[in-house]
Structure formats: structure tokens, C-alpha cells
Amino acid sequence: MLKSRSLLKSAPVRKGRTLFNRIPRRIAWIQARSNDYHASPPIVVNSLPKSGTHLLMQIAQTLPGARYYGSFIAQSPSLSLRERSQDQLSSMIDAIVPGEVLGAHLHYSVETQNALSRRNALHLFIWRDPRDVIVSEAHYLAEMNRWHAMHQSFAALKDPQDRIKLAINGDGTDRYRCAKDRINAYMHWRDAPGCLSFSYEELTNQNRLLAALERIMDRFETLGGKIDDRDELQQQMIKAIDPGKSHTFNKGGTGRWRKEMSDENVALLKEMMPEIFDD
């Protein structure tokens, strides 16, 4: 069972499955009419990387009429880290199919916001305590994603604190900027019109989760989606949550940075981003 789950989460299998789905997705896009996007709103799960993308994807895929083709829109594809132009991003958003659920790592911009609005997308954004993001990213790039452009740089560092320091400082180029620049490129989505924003901590707290699910269902119906039984759907959403199914999942939970970030790195990050230490 563990071997089969690991196989399903492997990069070649995931990418192969996405390629296989391109044809039915293209056919669905060709057949789509403008009113189809209102009867069956697309669901875009946008996230600050390492913030629980797959957790929110699992919730989103339970919405009525949702269909998943494996598509993902990245501002900067991990293999090259070359940032896509706004025209490229807008074209990729225009290609979304009615009812489609897809993940995304999209920086905030008015143009992207408008492109999502034109598709009547239910836009969900998830973020996480930046300190935990940095620790998780250092581990992920060093040990989990061998296809990422920064993998070799992180893997070459054997001391976990050196890896965290690299995640804080960046590599000194525009390819992998410092943590402040990388994180702040996403954070304006938290108060952007038309975007529902959630923290990872909110969705992993049972009491706060229920209120978050109500917000998702409310916005889905506002956009034209139909829900026959909200109580039943809420239960389906809760049952769908399984972090272990994510190919990027690694244990740690909230507040991981307190145990895994050295005093030196805490001071370095606090100097760079004092606003995230208000607690």
C-alpha cells in the first residue's frame, strides 16, 4: 500500500497523468460556453508555496461539478524558475475549463485578479506562518524535490541551518530571491477583492475549519454554483482532508520553526521581516 501510494506521488507519474488529461481538457474547453462558467464556476486553489496547497485542493475537489485534470499554473515553474509574463499567465487562466479545480502559485497582480474574475473563478488562497514556510521549504528543496532548480544548491549543504539560511537570504539572484521578496509577492491576496483567503493554521484547527468551509460554500453559491445539501457537503469536505496524500507533505505542523530554526537564523529573519514576529 505504501509503495503504491509513493508511486502515485512520484513526479513522472503525476506529470504523465496530466499530459494524458490534456486532450479531454482541451475538448471540454472548446465545447464550453460563457454561461457554463456561471453554472459551474472553476475553482483555483492559489497558495504561497509550502502552505498547504493540497489540503485546500482536497476540500475544493468535493464541490459539486468539480473536475480535476491535474493542471497547475505556476508564476515561476520549479524546473527553470523563469518567471512567466503576465500575458502567459492570463492565457493559462483563459484556458481553464468550467468546473475545473486546479492548483496555482500566482503572485498578486491586478491583471491576474481580473483574469480570474473574467472566468468567474472561485479563487481560494492559502498561506502559512512565513517562519514555518521557510523551514519547510529548506527541507523540501534539499530532500524531496529533485526536479527543482534549487535542489542541488540546497542538497549540497549538509547542515540544516545552512539550508534555512539559504532559504532566508536567497541565492543573490533574481532566480531565487530573499524570503521577504518571495513571500510578499503572494501576500496581497489576503485582502484582494474576489479572493477568499485562509491560513494553514485556520484550516487545521477543527473549530475554525467549519467557519472556513461555510465561507467557501457561500462564495461558490454566490458565483452560481448549486449545492443541494450543505451539511452533507461539509461532511464530505472534512472527510476529504488527508495531508499524507500530498506528494509534498512532510510532518512538522505549526510552530515547527521554534524547534528547527537556530537563534542566529531567527535573528537574521527578524531583521529582514520584523512584521512576522508580532506574536
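Summary of the structure given here. If you're wondering where the values come from, they're calculated on a predicted model, not measured in any experiment. For every chain, the first residue of the written sequence is number 1, and numbering continues from 1 along that sequence. Selection of residues for local features in this predicted model requires a pLDDT of at least 70, selection of side-chain atom pairs for listing and counting requires 80 or more, and totals for whole chains, interfaces and linings are taken over all residues. As a rule here, side-chain values come from all non-hydrogen atoms in the structure, and water together with hydrogens is ignored.

**A look at a negative patch on the surface**
Okay, step 1: On the surface, a cluster of negative charge is contributed by Asp228, Asp229, Asp231 and Glu232.
Okay, step 2: One can find Glu232 in helix H14 (residues 230-240). Patches in this entry comprise residues that are over 30% relatively accessible and not in a salt bridge; like charges within 9 Å are linked, as are nonpolar side chains (Val, Leu, Ile, Met, Phe, Trp, Tyr) within 5 Å. For every accessible area listed, the method is Shrake-Rupley and the probe measures 1.4 Å; residues are considered covered only by the protein chains on display. Salt-bridge detection follows one rule: a side-chain nitrogen of Lys or Arg within 4 Å of a carboxyl oxygen of Asp or Glu. Under the counting rule used here, the positive set is Lys and Arg, the negative set is Asp and Glu, and His together with the chain ends is not counted. In this description, the location of a charge corresponds to atom NZ of lysine, CZ of arginine, CG of aspartate or CD of glutamate. Every helix listed is a DSSP run of H or I at least four residues long, and every strand listed is a run of E at least two residues long, numbered separately from the N terminus.

**A short note on the packing of aromatic side chains**
Okay, step 1: Any two rings among Phe, Tyr and Trp, with Trp reduced to its six-membered ring, count as a pair given centres within 6.5 Å; such a pair is stacked if its planes are under 30 degrees apart, edge-to-face if over 60, and tilted if neither. Per the stated rule, a full pass over the model turns up three aromatic pairs.
Okay, step 2: Where Tyr108 meets Trp189, the ring centres are 4.9 Å apart and the plane angle is 75°; that geometry is what we call edge-to-face. With Tyr108 in the loop between strand E3 (100-105) and helix H7 (110-118) and Trp189 in the loop between helix H11 (179-187) and strand E5 (195-199), this residue pair connects regions lying 81 residues apart in the sequence.
Okay, step 3: Ring plane angle 90° and centroid distance 5.9 Å describe the contact between Trp257 and Phe277, whose orientation is recorded as edge-to-face. Pair noted here: Trp257 is in helix H15 (residues 257-260) and Phe277 is in the segment after helix H16 (263-272), with a separation of 20 residues, a long-range link.
Okay, step 4: Only protein chains enter the accessibility calculation, which uses a 1.4 Å probe. A residue is then buried if its area is under 20% of the maximum for its type, exposed if over 50%, and partly exposed in between. By relative accessible area, which is 14% here, Phe277 ends up buried.
Okay, step 5: Charges are assigned to positions over rings by a cutoff of 6 Å between ring centre and Lys NZ or Arg CZ, combined with an angular limit of 35 degrees from the ring normal. Lying over the aromatic face of Phe277, Arg131 brings its terminal NZ or CZ to 5.0 Å of the ring centre.
Okay, step 6: Across from the ring centre of Trp127, 4.9 Å away, lies the NZ or CZ of Arg190, which sits over that ring.

**So, the environment of Tyr108**
Okay, step 1: Tyr108 sits in the partly exposed class, given a relative accessible area of 28%.
Okay, step 2: Placed 84 residues apart in sequence, Tyr108 and Ala192 show a C-alpha to C-alpha distance of 8.6 Å.
Okay, step 3: Throughout, a contact is declared for two residues whenever any of their heavy atoms are within 4.5 Å. Ignoring any residue separated from it by four or fewer positions in sequence, one finds Tyr108 in contact with Gln113, Ala185, Tyr186, His188, Trp189 and Ala192.
Okay, step 4: A polar contact is formed between the side chain of Tyr108 and the side chain of Gln113, at a distance of 3.4 Å. By the criterion applied in these results, polar contacts are pairs of N or O atoms within 3.5 Å in which, for protein atoms, one can donate a hydrogen and the other can accept it, and in which residues neighboring in sequence qualify only through two side-chain atoms.

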